[in-house]
Amino acid sequence: MTPDPAPPTVPTSQLDEGGWERTELSTETIFSLPTVQIRTATVQYADTAAAEALTETRGEEFDGLLRFFAASRLAFDPPLPPGVTPAAIGSMLRKEARRTFKKRLRERGLVDIERDGSQRLRVGNRRRAQVTKFAAAMPLSDGRLPLACWVAPWTTSDDALIVTGGHPQVGLAEFFGLETDDPRLTRSPSAYREEFFSLLRGVE
């Protein structure tokens, strides 16, 4: 059996400064291709700072999903044959990564999940990832919070990585009807997006 992969290197300093908290470190078989199983080592983060700010400002506990970020390194069981690199099955990996990500969004309780375009983006080690966006919504007592959810798989000469994330597509203060200048609640959707892309580029 192939040893479990090591989790990717993530920009921990940037995550700490942004109010993120590591919530899980796990290994699992994420999906299977016709001749190989894909094992992953995943590190997951949640934006606890924004949730704390909502709790403080509203005066009631908030435990919903606001932002998430995760990075996975893949291993192949059995290993790929000599001379075959992960790039050779890159198209299948991208398809399965998108399918699995959409399934995980449903399992998180998100609704109205629709694919909303894709783009190519330069990431770590001078590689390029195909970044696919899904529009979704988180049902809350205040309404449905619109989210932008991203999945970005790419391959190297030795392995493959997948980065996922999600963030609000509206300012939190605006959505919850809050009068506040707390920067944790007044960030714009474009600022959320740029931070996700910056974190994505820092994964290796």
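Now for a look at the structure at hand. (Residues numbered from 1 in each chain as written. Predicted model: local features only at pLDDT ≥ 70, side-chain atom pairs only at ≥ 80, totals over all residues. Heavy atoms only, no water.)

What to know about the sheet that holds strand β3 (residues 68–77)
In step 1: An order of β1-β2-β3-β7-β6-β5-β4 is seen for the 7 strands of this open sheet, with the pairing classed as antiparallel. Looking at the sheet topology across the chains shown, the edges are occupied by β1 (20–33) and β4 (111–122). Across the sheet, the mean angle from the axis of one strand to that of its neighbour is 20°, orientation sign disregarded.
In step 2: Of the strand pairs in this sheet, β3 and strand β7 (residues 160–168) are connected by 7 bridges, and their pairing is antiparallel. The partner of F68 across the bridge, within β7, is G166.
In step 3: With respect to the sheet, helix α3 (residues 90–107) is in contact with β1, β2 (36–47), β3, β4, β5 (128–140), β6 (143–155) and β7, its orientation differing from that of β1 by roughly 125°.
In step 4: On top of the sheet, helix α6 (residues 189–201) reaches β1, β3, β4, β5, β6 and β7; it is set at about 165° to β7, its chief contact. (Pairing = 2+ DSSP bridges. Helix = DSSP H or I, 4+ residues; strand = E, 2+ residues; numbered from the N terminus. Axes fitted to C-alpha atoms, helices over the stretch in contact; angles between N-to-C directions. Contact = heavy atoms within 4.5 Å.)

A closer look at the layout of surface pockets
In step 1: Quantified by volume, the largest pocket comes out at close to 330 Å³.
In step 2: Lining the largest pocket are 19 residues, with I30, T42, A70, R104 and T164 sitting closest to its centre.
In step 3: Those elements giving two or more residues to the lining of the largest pocket turn out to be β1, β2, β3, α3 and β7.
In step 4: Tallied by class, residues from the lining of the largest pocket come to 9 nonpolar, 7 polar and 3 charged. (1 Å grid on protein atoms, 1.4 Å probe; cavity = no way out; pocket = protein on both sides within 12 Å on 5 of 7 lines; lining within 4 Å. Points joined across faces, edges and corners; volume = space filled by probe spheres on them. Nonpolar A, V, L, I, M, F, W, Y, C, P; charged D, E, K, R; others polar.)

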